[in-house]
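Inside the fold
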Amino acid sequence: MADPEATDSDEIDKTDRHSLEWTDAARSFYNSLAIAEARHVPILYSDHYNIRFAGLERLHPFDSCKYANIVSELVKPREVIRATEDVDTDADVDAQSASAVEPALLARDQLVETLRELSREELLRVHTAAYLDSLSSSRTVAYITELFFVALIPNFLVQRTVLRPMRYASAGTVRAAALAVERGFAINLGAGFHHCCAYQGGGFCPVADITLAIRYLRDHVPSVRRVLIIDLDAHQGNGHARDKLDAADDHLHILDIYNKDIYPDDQLARTAIDMELRVRSGIGDADYLKTVRRGLGRAAELHRATAIDFVLYNAGTDILDGDPLGNMRVSGDGVLRRDELVFRFCLERGIPVCMVLSGGYQANNALVIANSIRNLFRVFDLKNRSRESGSSSSSSSTSLVST
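This section reports on the structure supplied with the text. For every chain, the first residue of the written sequence is number 1, and numbering continues from 1 onward in sequence order. pLDDT decides what is reported in this predicted model: residues at 70 or higher carry local features, side-chain atom pairs at 80 or more are listed and counted, and totals for whole chains, interfaces and linings draw on all residues regardless. Excluded from the side-chain calculation are hydrogens and water; included are all heavy atoms of the structure.

Helix and strand counts for the chain come out as 13 helices and 10 strands. To sort residues, take the accessible area from a 1.4 Å probe on protein chains only and compare it with the maximum for the residue type: under 20% means buried, over 50% means exposed, and anything in between is partly exposed. Taken over 403 residues, the chain has a buried fraction of 61%. Two residues form a contact once any of their heavy atoms are found within 4.5 Å. A separation of at least 24 residues holds for 77% of the contacts in the chain among residues at least 6 apart in sequence. For the area figures, the Shrake-Rupley method with a 1.4 Å probe applies, and any residue is considered shielded solely by the protein chains shown. Summed over all atoms, the accessible surface of the chain reaches about 15,000 Å², with 51% contributed by carbon and sulfur. Strands here are runs of E lasting at least two residues and helices are runs of H or I lasting at least four, both read from the DSSP assignment and numbered beginning at the N terminus.

Let us now look at the environment of Ala300. Take Ala300: it is sitting in helix H10 (residues 285-305). Sequence-wise, Ala300 and Phe345 are 45 residues apart; in three dimensions their C-alpha atoms are separated by 7.9 Å.

Turning our attention to unusual backbone geometry. Cis peptide bonds are those with omega within 30 degrees of zero, and the linkage from Tyr263 to Pro264 qualifies with 5°. By the element assignment, Pro264 lies in the loop between strand S7 (252-259) and helix H9 (267-270). The phi torsion at Ala248 lies on the positive side, around 50°, for a residue other than glycine. Structurally, Ala248 can be placed in the loop between helix H8 (238-247) and S7. Owing to a relative accessible area of 57%, Ala248 belongs among the exposed residues under this scheme. Phi at Asn327 takes a positive value of approximately 55°, unusual for a residue other than glycine. Mapped onto the secondary structure, Asn327 falls in the loop between strand S9 (310-314) and helix H11 (332-348).

Within the secondary structure, Glu122 sits in helix H3 (residues 120-123). Among all residues touching Glu122, those that are not within four sequence positions of it are Phe29, Arg116, Glu117, Leu212 and Tyr216.

We now examine the packing of aromatic side chains. Here a ring pair, both rings aromatic, is described through the centre-centre distance and the interplanar angle of the planes. In this scheme Phe, Tyr and Trp rings, the latter by its six-membered ring, pair at centre separations within 6.5 Å, and the angle between planes marks the pair as stacked below 30 degrees, edge-to-face above 60, and tilted otherwise. This structure, assessed with the given rule, holds 6 aromatic pairs. Measuring from centroid to centroid gives 5.0 Å for Phe29 and Tyr30, while their planes differ by 55°, and the two rings are tilted. No difference in accessibility class separates Phe29 from Tyr30, as the two residues are buried. Here Tyr45 and Tyr49 contribute two aromatic rings whose centre-to-centre distance is 5.6 Å and whose plane-to-plane angle is 70°, an arrangement assigned as edge-to-face. No difference in accessibility class separates Tyr45 from Tyr49, as the two residues are buried. In textbook terms, an aromatic cluster arises when at least three aromatic residues are bridged by ring pairs, as seen for Trp22, Phe29, Tyr30 and Tyr216.

Our next topic: the pattern of salt bridges. A pair is scored as a salt bridge if a Lys or Arg side-chain nitrogen falls within 4 Å of a carboxyl oxygen belonging to Asp or Glu. Under the counting rule described, the total for this entry stands at 20 salt bridges. Residue Arg344 pairs with Glu348 through a salt bridge whose shortest N-O separation is 3.5 Å. Separated by 4 residues within a single helix, Arg344 and Glu348 lie in helix H11, roughly one turn from each other. Arg344 gets classed as buried once you look at its relative accessible area, which sits at 8%.

Moving on: helix H5 (residues 138-145). An α-helical turn contains 3.6 residues, so a residue and the one three or four places further along point in the same direction. When H5 is considered as a whole, its buried residues turn out to be Ser138, Val141, Ala142, Ile144 and Thr145. Axial view of H5: buried residues confined to an arc of 165°, hence all on one face. Relative to its buried face, H5 has exposed residues pointing more than 90 degrees away, namely Arg139 and Tyr143. Buried residues along H5 sit against helix H4 (129-134) and helix H6 (155-183). The directions considered for the arc run from the helix axis to the C-beta atoms.

This paragraph deals with the pairing of strand S5 (residues 185-188). A two-sided burial pattern is seen for S5, the buried positions comprising Phe185 and Ile187 on one face and Ala186 and Asn188 on the other. One requirement defines pairing of two strands: DSSP has to find at least two bridges between them. Direction of pairing for strand S1 (residues 43-45) relative to S5: parallel, over a ladder of 2 bridges. Each residue of the ladder has a partner; that of Ile43, found in S5, is Ile187.

In this description, a line fitted to the C-alpha atoms serves as the axis of each element, helices being fitted only across the stretch in contact, and the angle between N-to-C directions of two axes falls anywhere from 0 to 180 degrees. Across the interface, helix H1 (residues 24-33) lies against H6 with an axial gap of 9 Å and an inter-helix angle of 130°. Taken together, the axis directions place H1 and H6 in an arrangement best described as oblique. For H1 against H6, the interelement crossing comes out left-handed. Together, Phe29, Tyr30, Asn31 and Leu33 of H1 and Ala171, Val174, Arg175 and Ala178 of H6 make up the contact between the two elements. Amino acids outside the nonpolar list (Ala, Val, Leu, Ile, Met, Phe, Trp, Tyr, Cys, Pro) and the charged list (Asp, Glu, Lys, Arg) are all regarded as polar, and Gly is one of them. Grouping the constituent residues of the contact of H1 with H6 by class yields 6 nonpolar, 1 polar and 1 charged. For classification purposes, angles smaller than 35 degrees are called roughly parallel, those larger than 145 roughly antiparallel, those between 65 and 115 roughly perpendicular, and all remaining angles oblique. Crossings are sorted by hand: turned counterclockwise from the far helix by less than a right angle, the near helix makes the crossing left-handed, and turned clockwise it makes it right-handed.

Tracing the backbone through its elements, the reader meets Ser223 in the loop between helix H7 (209-220) and strand S6 (227-231). With a relative accessible area of 36%, Ser223 lands in the partly exposed category. Counting along the chain gives 87 residues from Ser223 to Phe310, while the straight-line C-alpha distance between them is 9.6 Å.

On to the packing of H10 against H11. Two numbers describe how H10 lies on H11: the axes approach to 10 Å, and their chain directions differ by 10°. For the element pair H10 / H11, the angle class is roughly parallel. Packed against H10, whose contacting residues are Asp285, Tyr288, Leu289, Val292, Arg293, Leu296, Ala299 and Ala300, the element H11 presents Gly334, Arg337, Arg338, Leu341, Val342 and Phe345 at the interface. Here the residues of the contact of H10 with H11 are counted per class, giving 9 nonpolar, 1 polar and 4 charged.

This part takes up the side chain of Asn50. You can see Asn50 is positioned in the loop between S1 and helix H2 (66-74). Judged by its relative accessible area of 5%, Asn50 falls in the buried class. Any N or O atom pair separated by 3.5 Å or less is treated as a polar contact, with the protein-specific requirement of one donor-capable and one acceptor-capable atom, and with residues adjacent in sequence counted only for side-chain atom pairs. Of the polar contacts made by the side chain of Asn50, one reaches the backbone oxygen of Asp47; its length is 3.2 Å.

Dropping the structure here:
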């Protein structure tokens, strides 16, 4: 059974990614960040995403090498946990095994490699010069990242070992957004720094990668005007919300489902959230997924009223039971079902979706994320979707895809 919210009107004015004509400037910019060939799966990653600081990074609850751990899970055969039910359909997934040994999702060289970090000039597309200058203070970076020992470390080392990985991951988000427009979806295995805005950082978020990705996409793709941020991290996404306020951006919409009992409780940012659903600490799978369905129902109403051109999905896994900062009790299976709901909402309506990982602070997050990505590829046949889109795009002389 199709999603009851999907109607013929949902198909109006969607981006035709096969007829995109990228300018030379867009091709040069995006391909400098990462080169996507037709053979690549639209998942972006670089080893430079991972923060390694002689072991001192372990003083923060964030698993700073979870990105490498996700890749390790994706490139090897393993037993994966499947969703217990195929959300919003009559497909009998329960008739299949709840777990099964599956081959590797992809080979390491099928990932799209992020080639470089964002430059200062590129960051200035969103960030103020004063904010970027403030990052030359190790004390400021310590406050933003909540790695308080960083205040004692020379700033050139902080730039190299803490901020550079985050600028790399942010470049991945910017490139993934463009790849999603061409392929229908893309996943950046990092970033989602949703507490950072143009003029301030916080909550382990020093770069406003979400706003940057949207801003650059609108610069280069005229058909992408109306954007929806679906923020399902445990924490309120106050950074991109503040950027929306500052830009008075009536074509940017935000669906934010977050724990009202935790950081940041930003009252100013709340005024920018179109669809806000606040939950309480301790919420479990049933109530959480019901809330997600309700939020996506409201997003479907928005899409019917003013067709959405692009979705940026902030897929935080700090909603998991046991997370020291999220204080929610959602299971790994609940994360699979949540991500499936979001992708179904986007793919059934032909809306390109770019997924970023955001928060998630436990050792088991990498496995949960990898299992969810595998599940998305299985349920929605994403390899074939990507292959077909990649082949169509590479046939165009104006495509970003390299042959």
